Amino acid sequence: MELSPIVTKEEWLAARKELLEQEKEVTRARDALSAARRALPRVLIQKDYTFESPQGTLTLLDLFQGRRQLIVRHFMFAPEAEAGCPGCSMQADSVGHLAHLHNRDTSFVMVALAPIAKIEAFRARMGWDLPFVSSFGTEFNRDFQVSTDRGEIPGISSFIREGDAVYHTNSVYDRGGEVTLNTYNYLEMTLLGRQEEGLERPWDWWRLHDSYEDANAKGPGENWWNGQDKFRS
């Protein structure tokens, strides 16, 4: 790519102030979108979903850990796969310390379809101290549009509880969840950006964080789910 022109500090400051006005517009638009998201109606969860964890079988209510809200990261890891999705793994690398979410009365958990033994082995490999549970053998992934006959789909779902009643409040898929990928957020602040020009697919450079030096490491592959109706019944 062609680099930007070289200017004086005063010229840079003038251009930066002009860009700041655009940033403010985007921030206000994001605030409005967040408010509209919070205004979405809720759906009462009526199925008794269960999950396998290192501590045994847990219910959806158990995943709240006594807090009022729950964020579920739908992690792509099919039962037959040897490792989790590189893209979802980058998302996991971006989560950060959960104490900040917990202080806002919100719990967080990764949910994958692979059996819990596979998940635990992969979690140890990646060095994650994140709660992971398995939805293997349940309808949870199907019901939240992240498991299909063609394969897995990434996404994020949020829930709220009132007593023992659990409600689904929101789900996002595809680029809707990109805001949680801090690698992208930092790269967007640089001159070179994401550096995806010339790639067949923008995400072809993604790898598991321990595999960038491995010339044979696999990337995410074709993003076949773009254009899929994620909210079909």
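This text follows the structure it describes.
Note that the structure is a prediction, hence the values are computed from the model and not measured. (Residues numbered from 1 in each chain as written. Predicted model: local features only at pLDDT ≥ 70, side-chain atom pairs only at ≥ 80, totals over all residues. Heavy atoms only, no water.)

Colleague: For this particular structure, what's the right way to read the nonpolar core?
Modeller: Inside soluble globular proteins, nonpolar side chains tend to come together where they are buried. Ranked by internal contacts, the top residues of the largest apolar core, which has 24 residues, are Phe 75, Phe 77, Met 110, Ile 119, Phe 122 and Trp 128. When residues of this core are assigned to their parent elements, the largest contribution, 4 residues, is made by helix α5 (residues 116–126). Every residue in contact with Phe 75, bar those within four places of it in the chain, is listed here: Gly 84, Cys 85, Cys 88, Ser 89, Ala 92, Met 110, Val 111, Ala 112, Phe 122, Trp 128 and Phe 132. Of all hydrophobic cores here, the second largest spans 15 residues; its members include Val 72, Val 109, Phe 140 and Phe 159. (Core = buried A, V, L, I, M, F, W, Y, C linked by side-chain atoms within 4.5 Å. Buried < 20%, exposed > 50% of the residue type's maximum accessible area, 1.4 Å probe, protein only. Helix = DSSP H or I, 4+ residues; strand = E, 2+ residues; numbered from the N terminus. Contact = heavy atoms within 4.5 Å.)

Colleague: When you look at the state of the cysteines in this model, what are you seeing that I'm missing?
Modeller: Put plainly, a disulfide is one covalent bond tying together the sulfur atoms of two cysteines. What the rule picks out here adds up to 0 disulfides. Cys 85 takes part in no disulfide bond, and the closest cysteine sulfur, belonging to Cys 88, lies 4.0 Å away. (Disulfide = S-S within 2.5 Å.)

Colleague: Even after reading the chapter, I still don't get the packing of aromatic side chains, so can you show me in this structure?
Modeller: Inspection of the entire model under this criterion finds 13 aromatic pairs. Where Phe 77 meets Phe 122, the ring centres are 5.5 Å apart and the plane angle is 70 degrees; that geometry is what we call edge-to-face. Here Phe 77 is found in the loop between β4 (69–75) and α3 (86–93), whereas its partner Phe 122 is found in helix α5, with 45 residues between them in sequence. Taken as a pair, Phe 77 and Phe 122 share a single burial class, namely buried. What links up through ring pairs into an aromatic cluster is the set Tyr 49, Phe 51, Phe 140, Phe 144 and Phe 159. Across the ring face of Tyr 167, the terminal group of Arg 42 is positioned such that the distance to the ring centre comes to 4.5 Å. Positioned over the ring face of Tyr 184 is Arg 194, at 3.6 Å from the centre of the ring. (Phe/Tyr/Trp six-rings, centres within 6.5 Å; stacked < 30°, edge-to-face > 60°. Lys NZ or Arg CZ within 6 Å of the ring centre and 35° of its normal.)

Colleague: Help me out: how do you make sense of the side chain of His 74 in this one?
Modeller: Assignment of secondary structure puts His 74 in strand β4. For His 74, a relative accessible area of 2% translates into the label buried. At 2.7 Å, the side chain of His 74 and the side chain of Ser 157 are in polar contact. Once you skip the residues sitting within four places of it in the chain, His 74 turns out to touch Cys 88, Val 111, Phe 140, Phe 144, Val 146, Ile 153, Pro 154, Gly 155, Ile 156 and Ser 157. (Polar contact = N/O pair within 3.5 Å; in protein donor to acceptor, adjacent residues only side chain to side chain.)

Colleague: How should the pattern of salt bridges be read in this particular structure?
Modeller: Considering all chains together, one arrives at 14 salt bridges under this definition. For Arg 16, the salt bridge goes to Glu 23, with nearest N and O atoms at 3.0 Å. We note a salt bridge from Asp 143 to Lys 47, for which the minimum N-O separation is 2.8 Å. One end of the pair, Asp 143, is in helix α6 (residues 140–143); the other, Lys 47, is in the loop between β1 (43–44) and β2 (50–53), and 96 residues separate them in sequence. (Salt bridge = Lys/Arg side-chain N within 4 Å of Asp/Glu carboxyl O.)

Colleague: Got a minute to help me understand the layout of surface pockets in this structure?
Modeller: Considered as a void within the structure, the largest pocket measures approximately 950 Å³ in volume. Contributions of two or more residues to the lining of the largest pocket are made by α1 (9–38), β4, α4 (99–103), β9 (155–162) and β10 (165–173). For the lining of the largest pocket, the element with the most residues is α1, which contributes 7 residues. The class makeup of the residues in the lining of the largest pocket is 12 nonpolar, 11 polar and 6 charged. (1 Å grid on protein atoms, 1.4 Å probe; cavity = no way out; pocket = protein on both sides within 12 Å on 5 of 7 lines; lining within 4 Å. Points joined across faces, edges and corners; volume = space filled by probe spheres on them. Nonpolar A, V, L, I, M, F, W, Y, C, P; charged D, E, K, R; others polar.)

Colleague: Explain α3 to me, please; I cannot follow it from the model alone.
Modeller: Three or four residues apart is the spacing at which side chains of an α-helix point the same way, because the helix has 3.6 residues per turn. Of all 8 residues that make up α3, 7 are buried, and the element is covered over most of its length. Three or more residues of α3 are buried, namely Pro 86, Gly 87, Cys 88, Ser 89, Met 90, Gln 91 and Ala 92. Buried residues along α3 sit in contact with β4, β5 (106–112), α5 and α7 (182–187).

By themselves, these figures tell us nothing about what the structure is for.
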